[in-house]
Amino acid sequence: MLEVYNGNNFEEIYYIMKKSFPKSEIRSKKGQEELLKDKRYKLFCYKKEGTLVGILCVWHITAGYFLEHFAVLPEFRGKGIGFNMLKEFIAFAKDSKSIFLEAEPIVDEITLRRINFYKRSGFYLNGYEYCQPSFGPSLPEVPLKIMTYGKAVNEEEFLEIKRSVYTEVYNKKI
């Protein structure tokens, strides 16, 4: 079951992030800890038999719920945990304007499997160009795609999502 982060064992959470994402797609440990003070940001944990095995980091912003980081420890993948986590979160956020996430474009078998996982979970891959802004001076922007839950979005809706994410999450102007 998804639980809201209680403030304990941040090391475990950051370990899952480092195991699951390239350095260019996560903040520094200190930067990630600072987010916990922001009322718009929620960190959900998923435990199996008392062990933290997954995280879901979410922003509640103007455009809706932005799933910024979603990960399950590698040794627990393929067991339905991620699907259950998403299902629980979607039920939690069902009255939201929108639920969306950033995903790597399909370039290999792993990214194809990831996109297909989200599609099976009810997300649509939108074709608009999008880059995650850099998380630091020595880190590059990351070309990604926006996936939206329940339906694809038109260009105007996409631009609203992009504007909201850029200004409210990344503190960047477009």
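Read on for an overview of the structure. (Residues numbered from 1 in each chain as written. Predicted model: local features only at pLDDT ≥ 70, side-chain atom pairs only at ≥ 80, totals over all residues. Heavy atoms only, no water.)

## A closer look at unusual backbone geometry
The phi dihedral of Glu49 falls on the positive side, at around 50°, and the residue is not glycine. Inspection of the secondary structure puts Glu49 in the loop between strand 2 (41-48) and strand 3 (51-61). We classify Glu49 as exposed; its relative accessible area is 81%. Although it is not a glycine, Asn171 adopts a positive phi angle of roughly 55°. As for its position among the elements, Asn171 is in the segment after helix 5 (155-169). The class of Asn171 is exposed, set by a relative accessible area of 64%. (Helix = DSSP H or I, 4+ residues; strand = E, 2+ residues; numbered from the N terminus. Buried < 20%, exposed > 50% of the residue type's maximum accessible area, 1.4 Å probe, protein only.)

## Focus on the nonpolar core
If you look at the biggest cluster of nonpolar residues, it comprises 35 residues, and the most contacted ones within it are Ile13, Ile55, Phe66, Phe100, Tyr130 and Val165. Only helix 1 (10-20), strand 2, strand 3, strand 4 (64-72), strand 8 (142-149) and helix 5 provide two or more residues apiece to this core. Ignoring sequence-local partners within four residues, the contact set of Val165 consists of Ile61, Phe66, Phe100, Glu102, Tyr130 and Tyr170. One finds Leu2, Phe70, Val72 and Leu86 within the second-largest nonpolar core, a separate group that totals 24 residues. (Core = buried A, V, L, I, M, F, W, Y, C linked by side-chain atoms within 4.5 Å. Contact = heavy atoms within 4.5 Å.)

Scope: geometric values only; no functional claims are made or implied.
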